[in-house]
Each structure stands twice: as structure tokens, then as C-alpha cells.
Amino acid sequence: MDMDSASSVVLQALTQATSQDTSVLKPAEEQLRQWETQPGFYSVLLNIFNNHMLDVNVRWLAVLYFKNGIDRYWRRVAPHALSEEEKTSLRAGLITNFNEPVNQIATQIAVLIAKVARLDCPRQWPELIPILLESVKGQDGLQQHRALLTFYHVTKTLASKRLAQDRRLFQDLASGIYSFACSLWSHHTDCFLQQIYARDEAAALSSLERTLLSLKVLRKLTVHGFQEPQQNMEVMGFLNAVFERLKQFLECCRQVGPDSTCREKLEKTIILYTKVLLDFLEYHPCAFIPLIQRSLEFAVSYVFTPAGEGVTFERFIVQCMNLIKMIVKNDAYKPAKNIDDSKPESLEAHKIKTAFFTHPTLTEIGRRLVSHYFLLTEEELAMWEEDPESFAVEETGGDSWKYSLRPCTEVLFLDIFHNYSQTLTPVLLDMVQNLQGPTNVEDPVQLLMKDAVYNAVGLAAYELFDNVDFDQWFKNQLLGELQVSHHRYKLIRRRVIWLIGQWISVKFKSDLRPLLYEVILSLMQDPDLVVRIETATTLKLTVDDFEFRTEQFLPYLESIFGLLFQLLQQVTECDTKMQVLHVISCVIERVNIQIRPYVGCLVQYLPLLWKQSEEHNMLRCAILTTLIHLVQGLGAESKNLYPFLLPVIQLSTDVSQPPHVYLLEDGLELWLVTLENSPAVTPELLRIFQNMSALWEMSSENLRTCFQIVNAYIYLSATEFLQSYAESLCRSFCDLLKDITNEGQVQVLKVVEIALKVSPILGAHMFQPLLPAVFRGIVDGERYPVVMSTYLGIMGRVLLQNSSFFSSLLTQMASECSQEVDQLLGSVIEMWVDRMDNITQPERRKLSSLALLSLLPSDNSVIQDKFCGIINICVEALHDVMTEDPETGTFKDCMLMSHFEEPKLSDDEEPPTEQDKRKKLLALEDPVHSVSLQQFVYEKLKAQQALMGDQGFGVLMETVDTELVRQLQEFLQGL
């Protein structure tokens, strides 16, 4: 690429690529894409983004193309890799000067230099770090800042490399530059503090930016640059200095006030200091031991004493709580159960913690957490009033909730309570005792306090198991609280029903459940929406509990389900609808067919909700889950849902539709349960299978469900299904078998086996292309036992139930193998007998016996030669399936089924699906369940005897082991 002529055309293309007009934009992007692999293209880009006279947008785009080129073409082994000469020139050009005036472009240039450094530093780019350090020392403010920014990104990138050799190189770098990095940080920090105290905010802001960048560098060097940092005086000196600097910066917060231009960056720097401590604790817990005492004193002082008043802010409190939590629960700081097995460092850390967490300290922390940090804030109370749904979602763990102070506080409380429960249990129980009886609705402070204390008791439910008689508390105190209907008491009503949900799986007597359902029924009609949503959540926890009894719930089912449906209609937020739908799904799942009389309204509403949720795929996932449980509850009646249900399945499982990314897994599950509960196939249900061919190509984790769907279609309507789709299925299966695990191979084979079981003639005809491979697998002695077992199951079906097809297949295979038919048949029987132990299922073992016996009577010398092996298999199978009648002393085949009976079910048992009934009816016609093996053996032996005569048959029987003959005679006695 000639540089002079190239610069103008590349500049023109970049200019056009910034256009808003797609007719100009698209051709320019295509042209730039073609130039990506041209020698000299990146040198032109470098010149363009280093030219500060050009348009900012054009320069920005040039940087982005350069950055993307590093990812694609910088490595030597990459296709169209950049030449070493061009890379040398580019590296030199990138660090010629650090004077980029535009912040965003400066950051992108720093990032791309770091990308090159990741690949080339230090071996191919040894001058990078020295040049950066020299530039950082310069007096020019802009150059100093840009060099420092680049220094940070390079350090961050090199620190992220994880190969042992790369880590050693970074450690060498860290030891060489650590002193300089410390002095740089210290210098900029001192400058900032002097300027802020002199109230020169403009200069202070500039120094603070440099303090922040140098601290970011130090964080990476400190955490990742030393294998044993505790042995480095400078590292430990820096970490100890962090506490003093934190105090100084927190005091600056008090001085500058909330409206200062420095405030945001000041808080960011304070958080970065805490990240240094948290990262060091995470990566070097043993090296952190000398800092435990100081860290705890610092964090507890600012979070739990008046020292923090007026200077702390929420994010800082969260970080301090995280620091306390990580120290409290760190496994490296806990002695082994046998003290003699403990490491000295663990004992030292445990000693420091024990000395710090005295009874008074723990008591104060516990009380302060509950009485201060657990209190609902004015903002939260305002949200409750103005946007109750958002409040309810936040409280149950919405996205923003995860990063707020409340969850951090609750996690810290749980960790401390778990580790120091002996001290904190009496403290919490005393707080509960002080709040006995209804609280005055005119006393908002006491209402908030009771809410906080009950929250603590709910969170610590498992820890308090032996100390709280929850059943008595529920009857004597909590029930009364729930009956206070004053609107201000909604705080307590909502908290109490939440509290019950926390204890339901911990300690709640089964005979109190009906009383709880009465409470739930009442609160589902509470005037406050938050209370109703919380009640629905507790209902879900109740029906999910292993002690749930359907018969206790049934008297309340109609009313509660109706109220749940009302709540689903009342709420408007997507997250809340999902929440309520999950409760409805859970109820339907637990009561199963008992739900049928009450779902009419829900069935009518779900199509509307589906339509309204077109832009909300997660809500649609919740609808799919509800439909799954609804279909299971409705059974055969679910056919009435098909006008809505089948288009939903069609959309959810169509990989050409974008929503399938979210809906596919649940959509496949719904498809499967719809088939399992379908009383009969419909053209529309059959048509959906057109979606399957694309699903095989995805080879995803959903393949197992896809196989189950195919099997369900075969059970539902083998003839129509196989005539429509067997050909395409065979093609898909042949492709799958080229690259699939043994387990996947078994899944394919099971489809064929089921097709043969349902329709032996049609199944063999439709899956004919797959059967030669099965035959070869048997003859070659497939090594994987489960695959071999399935091969023998398939061939057993063909031989027993479609003997003419077996004969033609045998002839075909003999021709392919250039063998005589009888010789090949002998090989098959021999391998069958030899690998019978691969078959573990009694049904398949009996099938093999029936199949091989079906070769008798025969005057074929090969079959007579294998007679001993056939009898051996039969005796083994007789041992598997014959049970002795203790009264008569005779044997009978335990696999025989004479008629179909609807099973009697208890309330907690799921009724059989339509597919279960189809399988039962199919079993009545299956030789495995309709033919007595004992009788079949007897008849086949008698026929063989008749064919050969007594003498010839006697000679044949002499080939069988005498003990086997004795066992056979014992099974056949009385026939």
C-alpha cells in the first residue's frame, strides 16, 4: 500500500464510514474490510489517528479499526499476519509521543498499546516500559497524564496473563518498577491533599486523576506482582499506608461536601483503596494476616461507631462490610477441627479474630446491623407508596438490589451470626422480647424496628432452630399481628408473612398448615399490593416444602387460585408477572389434576398475556413454564388448548425466529408434555415436527429432549408420523451418528427400537437405512456394552416380529461381506450368545431368548451347531423372569400382562399420562409381555424334537451342559 496515495483513499473511506447515510456507510465499511489484510493499512491508520487536525469521529474510527486489527492479524500464526517490519514500525509510532488531546481517543490508544504489549512485551518490545516511565516523569501535564493512562492499561493487561512464564515475567517487571510506582502514587497523593486543603479544586482534580491512575497501577502490581508479598517491605509498607490515606481521603469528603466537582472522583478513589485491600485479601490471605487487626478496627470503626458519621457513603460502607465478611468467613483463618492439624498461620489469624470479636464488640455489631442498617429507609418507604411493584421486586432480589447496601448488610449479618451464634442468639432474642405484642400504629420508629428485628429472625432461621419455638410464636404472637388491619401496619403484615415463609421449611408443624392457608387466603385480599405479592411468595415456599400435603390445601385451592389469578391481572410490571406466574405454576404442579375445575380463567388470559409480552422473552419463559404444568394438570383435556398451545410451541422451537434463544429449552419441554398428554395426533401437532430438522443440526444440550419428542410421536401415532418424517429422520440420524458420543448413539438407536416395538413391519421398513450398521455392529462385537445391548434389542425385534425382513437383511449383509448366509448367521448367533451379559434389562434379555428361539425348529446345521448357546441364553432368561408360586410350587413368567388396569393413586402421586396408557396398551401386544417364555421354550423344543425325531433330538440335547439341562427341566416341569 503506497503511503501517500493510500492515506487519502483510507481517509476518504473512514470519513464515509462515519456517515449516517447507509448508502454511503455500507460501501465504505466493505472497502475498509477488504483493506484490513493489505500491507501498510495499519501504518496509514496510525498516521490518521495521530493527526490531531482531522475530524474526531474519523480519528476515533481509525483507532477502532487498528484495535480490531491487533486482535485479528498481530499474532505471527494469524492468517494474513502483519509483517515483522510493519509491526516494528507501528510499535515505534505508538509511543513516539503521548499528547492525544481527546480523552476518549486517548483511552482507546492506551488500550490498543496494552493489546500489543500483551503479545510483544517485553521480548519484542523491551523499550515500552522504560519509555512510559520516562514520560510519566515529564513536566508536561497532558503528556504525563496520557503516559500514566497507558502505563495503567499496560500493567492491567500484563497482570491478567495467567501462564506461569507470563506471571514470572510480570513479577520481574513488578519488582523492577514497584519503588517508582509507590513514589509516583505518593507524590500525586500529597499534591492532591495540599491542593484540596488550599481549596484549589481545579488543580486538585488534576492531581486526583493522576492519584487514581497511579493507584490503579499499584493495585495490579501489589496483588499480582509478588509470589510472597509479605516478604517485601515496600508492599507491606504501601498496604499499611492505605489505611492512613483512606482516613485522609474520607476527611476530604467531609471538607469538600457533596456538591464539589472533586466529590465523584474522590469517592471513586476511596473505593479503589478498599479494592486494593479486598483483592490482596482474596489472592494472598496468609500475607494479609498482619493487616487483619487494622482492617477490622478500620472497617468496624467507620461502619458501626460514630466515627463514620458525616464522612461515609453507601458504596464505602458496602466495601467495609465486604472486608469484615471476607475476614470472618475466610477458610484460611479457621483452625482445623483437630487443632494439631492446623497451620500456624490459621491459628495466628484465628487468635487475632478472637481477640477482636469480643462479646461487647459482637453485641454492638449485631444490634447496630439490625437496628440501623436493617431499617427501611425513607427512599424505600416512598417507593413502597409510589411504585409498590418495583419495591416488591427490589426486595426479592431485583438487579439493582444486588448492588445495594441492604443485601450486603444481610449477608454480613448471616456470616457473623453463623460464626458467632452463641454470642448473638441471646442478643437477637432479647430484641424480639422487647417487641412482644402489637406495636402502636402511631409509632413509626417502633414499627420500623419490629420490621428489622423480624427480618433478622427470618434470615437466621436455621441458626435459631433450637432457640425459637416458632409454632408457639406463630399461634400466640404472629397471628395476632396479621389481624391488625390498619394501613400503617402493612409493614408488619408483610414482614410476618415473609417471616413465615423463611421458617416454613425449618420448623413449622404440619397440623398448623390449614391455619396458615387461612392466613394466606386473608392476606391475598389485603388492600396493600406489596403484602399480596409477599403472601404469594410465601405460598410458593409453602407448597414447595416437602411436608406439603395436597389434602390439607384442597379446601382452599379454589379461593386461593382465584386470588392468584386476580393478582396476575392486577400487576403490570414484567418481573412481578413472572413472580406471580411462578407461584401459579408451582401450585398447579403440586395439586396436579385437582386444578382442572379452576383453570378456565387462566386459560383464557394466557393468550392475551403472551401477546402483550412480545418484547419480554423472560416473561414468555415464565408463561411456558406455567403452560408445562397446566398441560400436565389437564392431561388429555389439554387438547382444548391447542389453538393457543401449538403456535406457542411452533414459535418457541423455530430456530429461525430470534426469540428461540430464550424460549427453546422451555418450548421443547412444553412440546414434549403436550405430546405425552395428547389423546390423539392432529395435523397441526404433526406439522410442528418440521422444526426438528434444524434442531438436530444445532447438536445442543437439548438433544435428549428432542429424542424424547420423537419417541413420543411414535407412541402417539407411529403410522402417520413415520410415513411423514421417517425419511428426513433417517438422514438426520445418519449425519448425527458420524459425530456423536456413545450416549447419543444409544438415543438414536432407542428411537429405532421403539419404532420396531410399536410397529415391527413399518418400523423396519422406515428405518431400513440404519439397520445394516446395527447388523455390522453385532458381527464386529461393538465394544461399548450399552450400544451393544441396544443393537441386540433392535435385532431381536426384527428377528422375532419381522422374520422375513431379517432374512432379506441377512442376505444383503452376506452379499456385502462376501460370506455365505449361513456362515454370517452363525457369526451373529455366536456373538449374541457371547455378549448376552451386556444386556442388563430383563425385558431385553427375554426378547433375546424369544428371538433366538424363533429360529427353531430348524434343520439348518448352523443353527443346530449353535443350539447349546441358544439354550444357555434361554435358561439365563428363565432365571430372570420366572418366579415361583409359594402355594403351588410352580413357576410363572412375571413379565406377563393380561389386561390394563387404571392404577389407584394417592393424593400425592401423579396420574399416568396418555403416553403412559399408550405404553401399557402396547405392552399387552408385545411378545415380551404377552408370550410366556416357559411355554415358548417348551413348544419350540417339542417342535425341534418332532422335526429331528427322538434320537436326533437326544444327540442335540447332549451338546448342552447337564446342569443347564437339569435347570431347564425344572422350569418346564408340569408342561
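Position labels on residues start from 1 in each chain and follow its written sequence. Confidence filtering applies because this is a predicted model: local features only for residues at pLDDT of at least 70, side-chain atom pairs given and counted only at 80 or more, and all residues used for totals across whole chains, interfaces and linings. With hydrogens and water set aside, each side-chain value is computed from the structure's full complement of heavy atoms.

Attention now goes to the overall build of the protein. The number of helices and strands found in the protein is 48 helices and two strands. Throughout, radius of gyration means the C-alpha value; the globule benchmark is 2.2 Å times the number of residues raised to the power 0.38. For 975 residues, the compact-globule formula gives about 30 Å, and the C-alpha radius of gyration of the protein, at 38 Å, lies well above that figure. Counting across all 975 residues of the protein, residues that qualify as buried make up 54%. Accessibility throughout is a Shrake-Rupley quantity obtained with a 1.4 Å probe, and a residue counts as covered only by protein chains that appear here. With the model as given, the accessible surface of the protein reaches about 43800 Å², and the carbon-plus-sulfur share is 49%. His residues and chain termini do not enter the charge count, which takes Lys and Arg as positive and Asp and Glu as negative. Note that the charge is assigned to NZ on lysines, CZ on arginines, CG on aspartates and CD on glutamates. Side-chain charges of the protein comprise 86 positive and 124 negative groups, with the mean position of each set lying 5 Å from the other. Each helix is a run of H or I in the DSSP string that is no shorter than four residues. Each strand is a run of E no shorter than two, and both are numbered from the N terminus. Accessibility here uses a 1.4 Å probe with only protein chains present; expressed as a share of the type maximum, an area under 20% marks a residue as buried, one over 50% as exposed, and anything in between as partly exposed.

Another aspect to go through is helix α8 (residues 141-159). Every helix has an expected span of 1.5 Å times one less than the residues it contains. An ideal rise of 1.5 Å per residue puts 27 Å on 19 residues; α8 measures up with 27 Å between its terminal C-alpha atoms. Burial analysis of α8 places 15 of its 19 residues in the buried class, the great majority of the element. N or O atoms closer than or at 3.5 Å make up a polar contact, with two conditions inside protein: a donor-capable atom paired with an acceptor-capable one, and, for residues adjacent in sequence, both atoms drawn from side chains. By the N-cap criterion, in which a side-chain oxygen at the helix start approaches the backbone nitrogen of a residue two or three places on, α8 is capped by Asp-140, the distance to Leu-142 being 3.1 Å.

With that settled, consider the packing of aromatic side chains. The pairing test for Phe, Tyr and Trp rings, Trp by its six-membered ring, is centres within 6.5 Å, and the orientation test on the planes gives stacked under 30 degrees, edge-to-face over 60, and tilted for anything in between. Using the criterion set out here, one finds 43 aromatic pairs in the structure. Linked through ring pairs, Trp-35, Phe-41, Tyr-42, Phe-49, Phe-66 and Tyr-73 together constitute an aromatic cluster. When the ring centre of Trp-185 is taken as reference, the NZ or CZ atom of Arg-245 above it lies at 5.5 Å. One cation-aromatic arrangement involves Arg-495 over Trp-498; the distance from NZ or CZ to the ring centre is 4.7 Å. Note on criteria: charge over ring means Lys NZ or Arg CZ within 6 Å of the ring centre, with the direction from the centre no more than 35 degrees off the ring normal.

With that out of the way, let us pick up the packing of helix α13 (residues 289-304) against helix α15 (residues 344-356). Close contact between α13 and α15 brings their axes to 9 Å; oriented N to C, the two are set at 25°. The orientation of α13 with respect to α15, classified from their angle, is roughly parallel. Regarding α13 and α15, the two cross each other, and that crossing is right-handed. Contacts between α13 and α15 involve Ile-289, Ile-292, Gln-293, Leu-296, Glu-297 and Val-300 from the former and Glu-345, Glu-348, Ala-349, Ile-352, Lys-353 and Phe-356 from the latter. Any residue that is not Ala, Val, Leu, Ile, Met, Phe, Trp, Tyr, Cys, Pro, Asp, Glu, Lys or Arg is counted as polar, Gly included; the first ten are nonpolar and the last four charged. When grouped by side-chain class, the residues that make up the contact of α13 with α15 number seven nonpolar, one polar and four charged. Think of each axis as a best-fit line through the C-alpha atoms, taken over the contacting stretch in the case of a helix, with angles from 0 to 180 degrees between the N-to-C directions. Note that the term roughly parallel is reserved for angles under 35 degrees, roughly antiparallel for angles over 145, roughly perpendicular for angles of 65 to 115, and oblique for everything else. Each helix crossing is assigned a hand: it is left-handed if the near helix lies turned anticlockwise from the far helix by less than a right angle, otherwise right-handed if that turn is clockwise. The criterion used for residue contact is that any of the two residues' heavy atoms lie within 4.5 Å.

The next thing to look at is the packing of helix α14 (residues 314-329) against helix α20 (residues 405-419). With their axes 10 Å apart at the nearest point, α14 and α20 run at an angle of 20° to one another. The pairing of α14 with α20 is recorded here as roughly parallel in orientation. By crossing handedness, the relation of α14 to α20 is classed as left-handed. Judged by residue contacts, Glu-314, Ile-317, Val-318, Met-321, Asn-322, Ile-324, Lys-325, Val-328 and Lys-329 of α14 engage Leu-405, Cys-408, Thr-409, Val-411, Leu-412, Asp-415, Ile-416 and Asn-419 from α20.

All right, on to the environment of Ala-461 then. Turning to its location among the elements, Ala-461 is positioned in the loop between α22 (444-459) and α23 (470-482). Note: C-alpha distance between Ala-461 and Gln-248 (213 residues apart in sequence) is 41 Å. The contact partners of Ala-461, leaving out residues within four places of it in the chain, are Gln-502, Trp-503 and Val-506.

The end-to-end C-alpha distance of helix α10 (residues 201-224) is 34 Å, a good match for the 34 Å that 24 residues give at a rise of 1.5 Å each. Burial runs high along α10: 18 of the 24 residues are buried.

Annotation comment: domain bounds sourced from an automatic or database domain assignment. Partitioning the protein into domains gives domain 1 (717-840) and domain 2 (874-972). Between the C-alpha centres of domain 1 and domain 2 the distance comes to 24 Å. Taken residue by residue, the interface counts seven residues in domain 1 and five residues in domain 2. Looking only at domain 1, the three residues that lose the most surface to domain 2 are Lys-757, Arg-797 and Leu-800, adding up to 55% of its buried area. Each salt bridge in this description consists of a side-chain nitrogen of Lys or Arg and a carboxyl oxygen of Asp or Glu lying within 4 Å of one another. Here domain 1 is connected to domain 2 by one salt bridge. Defined here as a combined quantity, buried area equals the accessible surface (1.4 Å probe) lost by two parts on assembly, summed across both.

Take unusual backbone geometry next. The omega torsion of the bond from Cys-121 to Pro-122 falls at 5°, within 30 degrees of zero and hence cis. Mapped onto the elements of the fold, Pro-122 is located in the loop between α6 (103-120) and α7 (128-136). The step from Leu-856 to Pro-857 runs through a cis peptide bond, and the omega angle for that step is -5°. Relative to the assigned elements, Pro-857 resides in the loop between α42 (842-853) and α43 (861-865). Notably, His-80 is not glycine yet its phi reads approximately 60°, a positive angle. By the element assignment, His-80 lies in the loop between α4 (56-73) and α5 (84-94).

Scanning all chains against the criterion turns up 42 salt bridges. Here Lys-161 makes a salt bridge to Asp-166, at a shortest N to O gap of 3.5 Å. Comparing Lys-161 with Asp-166, the two get one shared label, buried. Three or more residues joined by partner-sharing salt bridges are found here, namely Asp-451, Arg-494, Arg-495 and Glu-534.

Here we take up the side chain of Thr-682. The topology assignment puts Thr-682 in the loop between α32 (660-676) and α33 (683-687). From its side chain, Thr-682 meets the backbone nitrogen of Leu-685 in a polar contact 3.1 Å long. Residue contacts for Thr-682: discarding those within four places in its chain leaves Tyr-642 and Leu-646.

What follows concerns the UniProt feature "domain: Importin N-terminal" (unreviewed entry) in the protein. As annotated by UniProt and renumbered to match this structure, "domain: Importin N-terminal" (unreviewed entry) occupies residues 28-100. Spanning residues 28-100, this segment combines 63% helix with 0% strand, and its end C-alpha atoms are found 26 Å apart. UniProt positions are given in the numbering used here, feature names are shortened, and annotations may be inferred rather than shown by experiment.

Among the structural elements, Gln-944 can be located in helix α47 (residues 933-957). Judged by its relative accessible area of 0%, Gln-944 is buried. A distance of 2.8 Å separates the side chain of Gln-944 from the backbone nitrogen of Ser-858, its partner in a polar contact. Excluding residues within four positions of it along the chain, Gln-944 makes contact with Leu-856, Pro-857, Ser-858, Gln-864, Phe-953 and Leu-956.

Within the element layout of this structure, His-582 appears in helix α28 (residues 574-591). Look at His-582 and you get partly exposed, because its relative accessible area is 34%. As for His-582 and Ser-505, which are separated by 77 residues in sequence, their C-alpha atoms are 19 Å apart. Excluding residues that lie within four positions of it along the chain, His-582 makes contacts with Lys-540 and Ala-622.

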